[in-house]
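Coordinate inspection notes
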Amino acid sequence: MSIADRLQSLGITLPPVATPAAAYLPYMRTGQLVFLSGHIAKKDGQVWTGQLGKTMGTAEGQQAARAVAIDLLGTLQAAAGGLDNVVRIVKVMSLVNSTSEFTEQHLVTNGCSELLAEVFGEAGRHARSAFGVAQIPLGACVEIELIAEVR
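By convention here, each chain's residues receive numbers from 1 onward along its written sequence. Restriction of local features to residues with pLDDT of at least 70 applies here, the model being predicted, together with a cutoff of 80 or more for giving and counting side-chain atom pairs; totals for whole chains, interfaces and linings are based on all residues. Water and hydrogen atoms were dropped before computing side-chain values, which therefore reflect all heavy atoms in the structure.

Of regular secondary structure, the protein chain possesses 3 helices and 7 strands. Note that the radius of gyration is over C-alpha atoms, with the globule rule given as 2.2 Å times the number of residues to the power 0.38. The C-alpha atoms of the protein chain give a radius of gyration of 14 Å, which matches the 15 Å a tight globule of 151 residues would have. Each principal axis of the C-alpha distribution contributes one length, and for the protein chain these read about 40 × 35 × 30 Å. Taken across its 151 residues, the protein chain has 44% of its residues classed as buried. Residue contacts are defined here by distance: any two heavy atoms, one from each residue, within 4.5 Å place the two residues in contact. A separation threshold of at least 6 residues defines the contact pool for the protein chain, and within that pool the share at least 24 residues apart is 80%. Summed over all atoms, the accessible surface of the protein chain reaches about 7,500 Å², with 52% contributed by carbon and sulfur. For the protein chain, the separation between the mean place of its 11 positive charges and that of its 13 negative charges on side chains is 4 Å. Working definition: helices are DSSP H or I runs of at least four residues, strands are E runs of at least two. Numbering for both runs from the N terminus. Buried residues are those whose accessible area, probed at 1.4 Å on protein chains only, stays under 20% of the maximum for their type, while exposed residues exceed 50% and partly exposed ones sit between those limits. The method behind every accessible area is Shrake-Rupley, applied with a 1.4 Å probe, and residues are considered shielded solely by the protein chains displayed. By the counting rule applied here, Lys and Arg register as positive and Asp and Glu as negative, while His and the ends of each chain are not counted. Note on charges: their place is set at NZ of Lys, CZ of Arg, CG of Asp or CD of Glu.

The rule for a salt bridge is simple: a side-chain nitrogen of Lys or Arg has to be within 4 Å of a carboxyl oxygen of Asp or Glu. In total, this model carries 1 salt bridge according to the counting rule given. The residue arginine 125 makes a salt bridge to glutamate 122 at a minimum N-O spacing of 3.5 Å. Taking the relative accessible area as the measure of exposure, arginine 125 reaches 52% and is therefore exposed. Judged by its relative accessible area of 58%, glutamate 122 falls in the exposed class.

Here the rule is simple: two strands pair whenever DSSP picks up at least two bridges between them. If you trace the 5 strands from one edge of the open sheet to the other, you get β1-β2-β7-β5-β6, paired in mixed fashion. Bordering the open sheet on either side are β1 (27-30) and β6 (127-133), each of which pairs with just one other strand. Across the sheet, the mean angle separating the axes of adjacent strands is 15° when strand polarity is ignored. With 4 bridges connecting them, β1 and strand β2 (residues 33-40) associate as antiparallel partners. Of the residues in β2, the one forming a bridge with methionine 28 is phenylalanine 35. Helix axes are fitted only over the stretch in contact, all axes being lines through C-alpha atoms; the angle between N-to-C directions runs from 0 to 180 degrees. Of the strands in this sheet, β1, β2, β5 (86-97) and β7 (142-150) are in contact with helix α2 (residues 58-80), which crosses β2 at around 140°. Relative to β5, helix α3 (residues 105-120) is tilted by about 160°, and along the sheet it contacts β5, β6 and β7.

Rendered as structure tokens:
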């Protein structure tokens, strides 16, 4: 099954590359690697705000991380000249806006990781870091960046 077919079967339409909100590029390619800048969670086109352990639970955080993954795929499609040019997802780094008592950042990040595996199969499995942080720009609940190998 092609990547486009997988996305269609999952009911996913990829968004265009978002305009950066500050002085950075949405992605940078060097050799066969593409580095995607951090993407923040959005819901209904707006920043998905909240703090895990205070105003949000793990399940909602997973949904937010999945939404970030969809935005990342839109940027990756542009950066790679199409998702069929992605050889593999190399690394994901997730920042989870959370209280000091919240310890399920890794489970929140699964919302992103599981979608990448659904879309790319074995090539979507990746190395990963998940951190709890005191705040994310604009009050977003989750921010994720990604590194991919491309043709």
